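Residues per chain are reported as follows:
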Amino acid sequence: MNPQANLIFIISLLLGTTITISSNHWIMAWTGLEINTLAILPLISKSHHPRAIEAATKYFLTQSAASALVLFSSMTNAWHTGQWDITQLTHPTSSLILTSAIAMKLGLVPFHFWFPEVLQGSPLTTGLLLSTIMKLPPIALLYMTSHSLNPTLLTTLAILSTALGGWMGLNQTQIRKVLAFSSISHLGWMAIIIVYNPKLTLLNFYLYAMMTATIFLTLNTIKVLKLSTLMTAWTKIPSLNAMLLLTFLSLAGLPPLTGFLPKWLIIQELTKQDMAPAATLISLLSLLSLFFYLRLAYCTTITLPPHTTNHMKQWRTNKSTSTMIAILTTMSIMLLPISPMILTIV
């Protein structure tokens, strides 16, 4: 793609995200979401492969439907209350429609079908944008309306997302699909706590985005898309692969890595809100996703492929790892000891 066109799309993405998260009026928030959708479409379909075109079409249709629902929800609320302010979403029907629209935007169960397919059809860099920055505006809208959302509905969606995200990721061999189901599972953790402690949702999202960015950038550096190629990629940059192993385990939420922090705080908050059964259930369901993270970690560094003619060892590269990956990897692994400081900032 032309670098100037690429720059315009990236700036439009940042502009759309900024407009949505800084707006007070529903129409401005909707405008930001539309700019975002239109800016990411060329980035998804830039390879001109049939799968990329299919991914762009699916993305466009689902996001258009979700944006229409956001607009319908805000108009219903304005009709009943006379308010266009995002924080004044008080009508129950409006909040129900909005929850469905945001679930569709994010890819929460039962509106999750588009997300793995779109991620699979996109390049790794676009997949990184879809998994991180594109989820920020809908989560910001949930954050601003969290006081008027239905806790029962969100808890149901969250538990279903964690269950299906873990379950459907078990038999995948494409790494982008595994990361898509991992994203659905993490969104379940964010959705369950948004009504009770919205700041924890934001903290969870920031840490998830950081760990996912590390994984996507690392995979882009070693040029790996499938589990079978991940097994033979350790000869390229062995030290980076060792760090990738730890980042996968951190994303799984194992102590003493960074990913354990949001899970620990969310379970603690749910217990304080007398929701111990929900906390127990979501913790047990996250063991499903732990299985496929362990499989990815195993393929990354521990498994040597059978010595057949199919598996060619790859040459070790001399180019140095980028500073960005080094910083992100360090933060994805080692932030747990400074969690009191992180909590004072958040």
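Residues numbered from 1 in each chain as written. Predicted model: local features only at pLDDT ≥ 70, side-chain atom pairs only at ≥ 80, totals over all residues. Heavy atoms only, no water.

(A) Molecular detail of the overall build of the chain. Along its length, the chain carries 16 helices and 0 strands. The globule rule puts the C-alpha radius of gyration for 346 residues at 20 Å, and the 20 Å found for the chain is close to it. By principal-axis analysis of the C-alpha atoms, the chain measures approximately 70 × 50 × 35 Å. Taken over 346 residues, the chain has a buried fraction of 54%. Here the chain has roughly 15200 Å² of accessible surface; of this, 70% comes from carbon and sulfur atoms. Taking the average location of the 17 positive side-chain charges in the chain and that of its 6 negative ones, the two points are 20 Å from each other. (Helix = DSSP H or I, 4+ residues; strand = E, 2+ residues; numbered from the N terminus. Rg over C-alpha atoms; globule rule 2.2 N^0.38 Å. Buried < 20%, exposed > 50% of the residue type's maximum accessible area, 1.4 Å probe, protein only. Areas by Shrake-Rupley, 256 points an atom, 1.4 Å probe, with all protein chains shown as cover. Lys, Arg positive; Asp, Glu negative; His and termini not counted. Charge placed at Lys NZ, Arg CZ, Asp CG, Glu CD.)

(B) Just the environment of L265, in detail. Position of L265 among the secondary structure elements: in helix α13 (residues 260–272). By relative accessible area, which is 10% here, L265 ends up buried. Ignoring anything within four residues of it in the chain, the contact list for L265 reads L200, L203 and L343. (Contact = heavy atoms within 4.5 Å.)

(C) Spatial organisation of the pattern of salt bridges. A complete count under the given rule lists 3 salt bridges for this structure. Residue E54 is joined to K58 by a salt bridge in which the shortest nitrogen-to-oxygen separation is 2.8 Å. Here K58 and E54 lie together in helix α3 (residues 50–81), a separation of 4 residues that amounts to about one turn. The class for E54 is partly exposed, based on a relative accessible area of 39%. Between K58 and E117 there is a salt bridge; the shortest N-O distance is 3.9 Å. Of the two residues, K58 sits in helix α3 while E117 sits in helix α5 (residues 114–121), which places them 59 residues apart along the sequence. Its relative accessible area of 29% is what places K58 among the partly exposed residues. (Salt bridge = Lys/Arg side-chain N within 4 Å of Asp/Glu carboxyl O.)

(D) Main features of the nonpolar core. Membership of the largest hydrophobic core comes to 101 residues, with the highest contact counts inside it found for Y59, I192, L219 and L230. Broken down by element, this core gets its largest block of residues, 13 residues, from helix α10 (residues 198–222). Taken domain by domain, the makeup of this core includes at least three residues from each of domain 1 (1–138) and domain 2 (150–307 + 318–345). Setting aside its immediate chain neighbours within four residues, L219 contacts L124, I175, L179, V224, L230 and L244. (Core = buried A, V, L, I, M, F, W, Y, C linked by side-chain atoms within 4.5 Å. Domains from an automatic or database assignment.)

(E) Expanded view of a nonpolar patch on the surface. Judged by side-chain polarity, I338, M341, I345 and V346 come together as a nonpolar surface patch covering roughly 360 Å² of accessible area. Topologically, I338 is positioned in the loop between α15 (323–334) and α16 (339–345). By relative accessible area, I338 is classed as partly exposed at 36%. (Patch = residues over 30% accessible without salt bridge, like charges linked within 9 Å, V, L, I, M, F, W, Y side chains within 5 Å.)

(F) Structural context of helix α8 (residues 151–168). If you check α8, its first and last C-alpha atoms are 25 Å apart, about what 18 residues at 1.5 Å a residue would give, namely 26 Å. Among the residues of α8, L154, T155, L157, A158, I159, S161, T162, A163, G165 and G166 are the ones counted as buried. Capping of α8 at its N-terminal end is provided by N150; its side-chain oxygen lies 3.1 Å from the backbone amide nitrogen of T152. (Expected span 1.5 Å × (residues − 1). Polar contact = N/O pair within 3.5 Å; in protein donor to acceptor, adjacent residues only side chain to side chain.)

(G) Region of interest: the packing of aromatic side chains. If you walk through the whole model with that rule in mind, you get 5 aromatic pairs. Taking the centre distance of 5.6 Å and the plane angle of 65° together, the rings of Y59 and W114 count as edge-to-face. In this pair, Y59 sits in helix α3 while W114 sits in helix α5, placing the two residues 55 residues apart along the sequence. Across this residue pair, the class does not change: Y59 and W114 are buried. When the ring of F292 is compared with that of Y293, the centres are 5.0 Å apart and the planes differ by 50°; the resulting orientation is tilted. (Phe/Tyr/Trp six-rings, centres within 6.5 Å; stacked < 30°, edge-to-face > 60°.)

(H) A look at the UniProt feature "domain: NADH:quinone oxidoreductase/Mrp antiporter transmembrane" (unreviewed entry) in the chain. In the UniProt entry, the feature "domain: NADH:quinone oxidoreductase/Mrp antiporter transmembrane" (unreviewed entry) is given for residues 23–288. Along residues 23–288 the backbone is 75% helical and 0% strand, and the end-to-end C-alpha distance reaches 38 Å. (UniProt positions renumbered as here; feature names shortened; annotations may be inferred.)

(I) Local environment of the domain arrangement of the chain. Under the domain assignment, the chain is made up of domain 1 (1–138) and domain 2 (150–307 + 318–345). Each of domain 1 and domain 2 has a C-alpha centre, and the two are 23 Å apart. The interface of domain 1 with domain 2 comprises 24 residues on the first partner and 29 residues on the second. Here domain 1 and domain 2 share an interface that buries about 2300 Å² over both sides, 78% of which is from carbon and sulfur atoms. Among the residues domain 1 hides against domain 2, the three largest losses belong to V109, Q120 and L124. Together they make up 29% of the total. In this assembly, domain 1 and domain 2 are joined by 1 salt bridge. Among the ionic pairs, K177 bridges to E117, the shortest N-O distance being 3.4 Å. Summed over the shared surface of domain 1 and domain 2, the number is 5 residue pairs in polar contact (both at pLDDT 80 or more). (Buried area = accessible area lost by both parts, 1.4 Å probe.)

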